[in-house]
Amino acid sequence: MSWVLDNLDVIAGYTGAHLVQALPPILLAFVLSLPLAKLANSRGWLRTGVTTTSGLMYAIPSLPLFVLLPGLIGTGVRSPLNIVVALTLYGLALMVPTASDGFRSVSRDVLGSATAQGYAPAARFLAVELPLAGPVLLGGVRVVAVSTISLVTVGGVLGVPSLGMLFVDGVRRGIVAEIAAGVVATAALALLTDALLVMLGRLLMPWHRGREAGRP
Amino acid sequence: MNENPFLGALDWLADPMRWSGPSGIPVRTAEHLGYTALGVLVAALIAVPVGLYVGHTGRFKGLAVGAAGVARALPTLGLVTLFALLVGIGLTAPLLAFVTLAIPSLLAGAYSAVESADPATVDAARAQGMTEWQILTRVEIPLGMSLLVGGVRGATVQVVATAMLAAYVGSGGLGRYIFQGLGSQDYPQMIAGSLLVIVLALVLDLALLLLQRLTAPRGTVAP
Amino acid sequence: MSIHSTRRHLLGVLGAGGLALGAAACGSSDPFEEEDGSGGDSGSGSSDGGGSGAAIAIGSQAYYSNEIIAELFAQALEAEGLTVDRQYQIGQREVYMPELESGALDVLPEYLGNLLQHYDSEAVSATPEEVHSALAEALPDGLRVLDFAEATDQDSYTTTADFASAHSLTAIGDLAGVDEDLTIAANSEFEVRPYGPDGAKEVYGVDVSVVPVEDSGGPLTVQALVDGDVQLADIYTSDPAIAENDLVVLEDPESMILPQNVVPVVSEKIDEAAADAIDAVLAELSADDLVELNRRSTVEQQSSADIASAWLSEKGLV
């Protein structure tokens, strides 16, 4: 424990770096998944393709991807940008199929009535389709957030600053408290982000809360 | 050696020398599969009974969801290094981490499988005089089997992609190629190891998807 | 102080996004911060407060012992009135050597044999002096090595006292007479190093197979040896665990293993005054000193900044 108290500033520094690498991929995966999912849903063969590609992507072990990606996109191995791009890809692999399901779950009749009421396509998407798919999308983002925050630690093996550095340094020095601090801080960050997403969901989709509570 | 590491990886895989011996691809693949199977099996022994209980009785649902959420949030690399410092090298430490990784999917698969049974059907079974155990085993589990298998599928794919970490602390598996390639800047070997993991993950995913389709009760829509 | 460095490093690398988060992180950590050295609060890592223009960027490997040596250099340079920018825990040689070559880093503690092998994979083992002069040839323009220290941190074939006495082992070659399968715990790349299994076979006629443990001879490797999971382990010779566990480092009379004396690799930005300050540290850094510095990190769990400042004042260097 004394290691933790003596090194709170180190932990705080790594936590900051961790968030800087984790938050952009979560946001990017969400935003980019919306048009991709709409596109996928527009053609049956495209949807199959997207689902297959996502499965393939998610099977790639993260460490080799972190090492190889710089060669493909021209960043440095130690660049956080490298991690951000890799994690956005993983996030998309989870998020696009979810978003695709979410949009498919919106009834065509509802969309038809919205069009009949005079909604332009863009407005219909924002005001009707997106909110109705909202609960499914939220579920997807929560999974992406937790998994992304956990995956950032893998960069520590390569010396990219994140809470994962505590695992590598801790195992080398034999300091159990250092590794435990890294595990707890990473999990806390993930759970906190998840809780914030749930709160955001309740704020943006007040109707959803009631429905969930009403379930058997 | 080929200049392009991706083509180099194909050369590496094409070398017949790689396909025999104690550190050959068949042995490493078998080890990798073994770790995955063991991890998922141990996790299933814990998570499936708990999940079925939660799903059937509806009790402790919040606790189960919460525990699964915490388990999902734990970084696997941290668990492997932490357990390794506590129990030493070998398979125990990575196995504990794989079990932790597999539990959330299996738990969710098990309780959603039971919950998916139509309450009217369950009430009908109860009215016919079935015991709770009979309702669970003859009605709820068969009806939810494909969701249960779906949980196994999710857990398996996650563990197989992570099982490379076993090689971090003295065990075998396909991770040996990945870490040795990383440590000696032999990127073709590292990519080849990754490709093997990807292929293994896809094969398992497809096989379990097939099983999921087969176990879907007749008359319902397969996922 | 390493605290500061970590933070400044992050700020530098991560840019504006990191700034806000980094600043938030600083706020919470302030009560625990020790007093600042002369390289202290230069805001968001700006480098123009020092004696001779831009700050000297000091890097280290992602290895606690290497970070301590880097911190020794950093504090010695600061004592000369120079400004330093600490960029510690950079992963691999393939990552930081290009940064040294491009001038993004100015100083990094290295090890003779490994550095030479990076530029010349065919390099064979030799005396430290020979490796040092070969390095002078091999390094790209703009980089040079300063003098090397007595302190060395090299790979070894290490075993337990029990195993050594049971089989009368003093040197690696004696293993040829051991009538059981030998395994050595080491990082997986040990497999392909010239002093790995192939070298042992060729030079000493000894058959060993590698059990990979990726903690670079750290506690997991030591534990595997002590528990008898393996008979041998590649433990770096500066590791305090060797003395603590009464381990025996087998001699290498044929010099199969490359010498790994500590040697700083520096850019052209290091002028004579700065080089003298670093040389003064190296001249004092004995093999036992390095073991003791490492012990303060692993056993006493002190930070590199505390370890460095205590050692430098013990030696009268600051």
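Residues numbered from 1 in each chain as written. Chains lettered and ligands numbered in written order. Predicted model: local features only at pLDDT ≥ 70, side-chain atom pairs only at ≥ 80, totals over all residues. Heavy atoms only, no water.

Under the annotation held in an unreviewed UniProt entry, chain C carries the name ABC transporter substrate-binding protein and is attributed to Candidatus Brachybacterium intestinipullorum.

A few points about the overall build of chain C
Secondary structure summary: chain C contains twelve helices and ten strands in total. Buried residues in chain C amount to 55% of all 318 residues. A sequence separation of at least 24 residues applies to 75% of the contacts in chain C between residues at least 6 apart. On chain C, roughly 12,300 Å² of surface is accessible, and the fraction owed to carbon and sulfur atoms is 46%. (Helix = DSSP H or I, 4+ residues; strand = E, 2+ residues; numbered from the N terminus. Buried < 20%, exposed > 50% of the residue type's maximum accessible area, 1.4 Å probe, protein only. Contact = heavy atoms within 4.5 Å. Areas by Shrake-Rupley, 256 points an atom, 1.4 Å probe, with all protein chains shown as cover.)

Topic: the overall build of chain B
Of regular secondary structure, chain B possesses nine helices and zero strands. Reading chain B from its N end, one meets helices and strands in the order α-α-α-α-α-α-α-α-α. The principal-axis extent of the C-alpha atoms belonging to chain B is close to 70 × 40 × 25 Å. In chain B, buried positions account for 53% of the 223 residues. Excluding contacts between residues fewer than 6 apart, the proportion of contacts in chain B whose partners are at least 24 apart in sequence is 71%. Surface summary for chain B: the accessible area is close to 9,800 Å², and the carbon and sulfur share equals 69%. Placing the 11 positive and 11 negative side-chain charges of chain B at their respective mean positions leaves the two points 7 Å apart. (Lys, Arg positive; Asp, Glu negative; His and termini not counted. Charge placed at Lys NZ, Arg CZ, Asp CG, Glu CD.)

Quick notes on the packing of aromatic side chains
All names here are of chain A. The tally for this structure, following the rule as stated, stands at eight aromatic pairs over all chains. Plain terms: the ring middles of Phe103 and Phe125 are 5.7 Å apart, the flat faces sit at 50 degrees to each other, and that makes the pair tilted. A residue pair is termed long-range when its members are at least 10 positions apart, and Phe103 in helix α5 (residues 80-104) and Phe125 in helix α7 (residues 121-151) qualify at 22 residues. No difference in accessibility class separates Phe103 from Phe125, as the two residues are buried. The positively charged end of Lys38 is found above the aromatic ring belonging to Phe103, 5.4 Å away from the centroid. (Phe/Tyr/Trp six-rings, centres within 6.5 Å; stacked < 30°, edge-to-face > 60°. Lys NZ or Arg CZ within 6 Å of the ring centre and 35° of its normal.)

As for a nonpolar patch on the surface
All names here are of chain B. Together, Leu38, Leu41, Val42, Leu45, Ile46 and Val50 line one region of the surface with nonpolar side chains, adding up to about 510 Å² of accessible area. Mapped onto the fold, Val42 is located in helix α2 (residues 25-57). Overall, the relative accessible area of 31% leaves Val42 in the partly exposed class. (Patch = residues over 30% accessible without salt bridge, like charges linked within 9 Å, V, L, I, M, F, W, Y side chains within 5 Å. Salt bridge = Lys/Arg side-chain N within 4 Å of Asp/Glu carboxyl O.)

Focus on the interface of chain A and chain B
On the side of chain B, 29 residues touch chain A, which itself brings 31 residues to the contact. Note on chain A versus chain B: buried area summed over both sides is about 2,500 Å², and carbon and sulfur give 88% of it. Sorting the residues of chain A by area buried against chain B places Ala59, Pro61 and Leu68 of chain A first, and these three jointly supply 19% of that buried surface. At the junction of chain A and chain B, the tally comes to zero salt bridges. If you look at where chain A meets chain B, you find zero residue pairs in polar contact (both at pLDDT 80 or more). No other element matches helix α9 (residues 176-204) of chain A, which puts eight residues into the side of chain A that touches chain B. (Buried area = accessible area lost by both parts, 1.4 Å probe. Polar contact = N/O pair within 3.5 Å; in protein donor to acceptor, adjacent residues only side chain to side chain.)

Let's talk about the layout of surface pockets
Quantified by volume, the second largest pocket comes out at close to 1,200 Å³. Taken together, 41 residues line the second largest pocket, and the ones lying closest to its centre are Gly183 of chain B together with Gln92, Arg93, Glu189 and Arg193 of chain C. A per-element tally of the lining of the second largest pocket places helix α4 (residues 112-119) of chain C first, with four residues. Class assignment for the residues of the lining of the second largest pocket results in 16 nonpolar, 13 polar and twelve charged. (1 Å grid on protein atoms, 1.4 Å probe; cavity = no way out; pocket = protein on both sides within 12 Å on 5 of 7 lines; lining within 4 Å. Points joined across faces, edges and corners; volume = space filled by probe spheres on them. Nonpolar A, V, L, I, M, F, W, Y, C, P; charged D, E, K, R; others polar.)

So, the pattern of salt bridges
Close approach of charged atoms allows side chains of opposite charge to pair. Inspection of the entire model under this criterion finds 20 salt bridges over all chains. A salt bridge links Arg173 of chain A to Asp169 of chain A; the nearest nitrogen and oxygen atoms lie 3.1 Å apart. Taken as a pair, Arg173 of chain A and Asp169 of chain A lie in helix α8 (residues 164-173) at a separation of four residues, close to a single helical turn. Of the residues examined, Arg173 of chain A reaches a relative accessible area of 11% and is grouped as buried. Here Glu31 of chain B ties to Arg28 of chain B by a salt bridge, and the two come within 2.9 Å at their closest N and O atoms. Of the two residues, Glu31 of chain B and Arg28 of chain B both sit in helix α2, three residues apart, roughly one turn of that helix.

Looking at unusual backbone geometry
All names here are of chain C. Phi is positive for Gln89, which is not a glycine, with a value near 60 degrees. Along the chain, Gln89 falls in strand β2 (residues 84-90). On the accessibility criterion, Gln89 (9% relative accessible area) is buried. The backbone phi angle of Asp246 is positive, close to 55 degrees, even though this residue is not glycine. Considering the arrangement of structural elements, one finds Asp246 in the loop between α9 (241-244) and β9 (247-249).

A short note on the confidence of the model for chain C
Reading fine detail from the predicted coordinates is not recommended where pLDDT is low. Residue and element names in this part refer to chain C. On average, residues of chain C carry a pLDDT of 83, and 83% of them reach 70 or more. When mean pLDDT is taken per element in chain C, strand β5 (residues 158-160) scores highest with 97 and helix α1 (residues 2-29) scores lowest with 35. This stretch, residues 1-52, has a pLDDT under 50; its non-local contacts, to residues over four places away or in other chains, come to 72 contacts. Reported for the predicted complex are a pTM of 0.83 and an ipTM of 0.84. (pLDDT = per-residue confidence, 0-100.)

Thoughts on the pairing of strand β3 (residues 107-111) of chain C
Residues and elements named next belong to chain C. With five of its five residues buried, β3 lies for the most part within the structure. Side chains of β3 alternate between two faces, with Val107, Pro109 and Tyr111 and Leu108 and Glu110 buried alike. Sheet topology note: the β3/strand β10 (residues 262-267) ladder contains five bridges and is antiparallel. Pairing of Val107 across the sheet is with Val266, part of β10. (Pairing = 2+ DSSP bridges.)

Focus on the UniProt feature "domain: ABC-type glycine betaine transport system substrate-binding" (unreviewed entry) in chain C
Mapped onto this numbering, the UniProt entry annotates "domain: ABC-type glycine betaine transport system substrate-binding" (unreviewed entry) at residues 56-314 of chain C. The annotated region residues 56-314 of chain C carries 41% helix and 17% strand content, and the separation between its end C-alpha atoms amounts to 25 Å. (UniProt positions renumbered as here; feature names shortened; annotations may be inferred.)

Notes on the packing of α2 of chain B against helix α9 (residues 187-215) of chain B
All names here are of chain B. Between α2 and α9, the shortest axis-to-axis distance is 11 Å and the interhelical angle comes to 50 degrees. In terms of their interaxial angle, α2 and α9 are classed as oblique. The two elements α2 and α9 meet at a crossing, and its hand is right-handed. Contact with α2, carried on its side by Ile25, Thr29, His32 and Leu33, involves Leu196, Val197, Leu200 and Leu204 of α9 and no other residues of that element. Residue composition of the contact of α2 with α9, grouped by class: six nonpolar, two polar and no charged. (Axes fitted to C-alpha atoms, helices over the stretch in contact; angles between N-to-C directions. Parallel < 35°, antiparallel > 145°, perpendicular 65-115°, else oblique. Left-handed = near helix turned anticlockwise from the far one by under 90°.)

Some remarks on the nonpolar core
In terms of nonpolar packing, the biggest core is built from 110 residues, with Leu63 of chain A, Phe179 and Leu182 of chain B together with Leu220 of chain C touching the most fellow members. Ranked by the residues each element gives to this core, the list is headed by α7 of chain A, at eleven residues. When neighbours within four sequence positions are excluded, Leu220 of chain C is seen to be in contact with Val171 of chain A, Ala84, Leu85, Ile89 and Val169 of chain B together with Val213 and Asp215 of chain C. Residues Leu282, Leu285, Leu293 and Ile307 of chain C belong to the second largest nonpolar core, which totals 37 residues. (Core = buried A, V, L, I, M, F, W, Y, C linked by side-chain atoms within 4.5 Å.)

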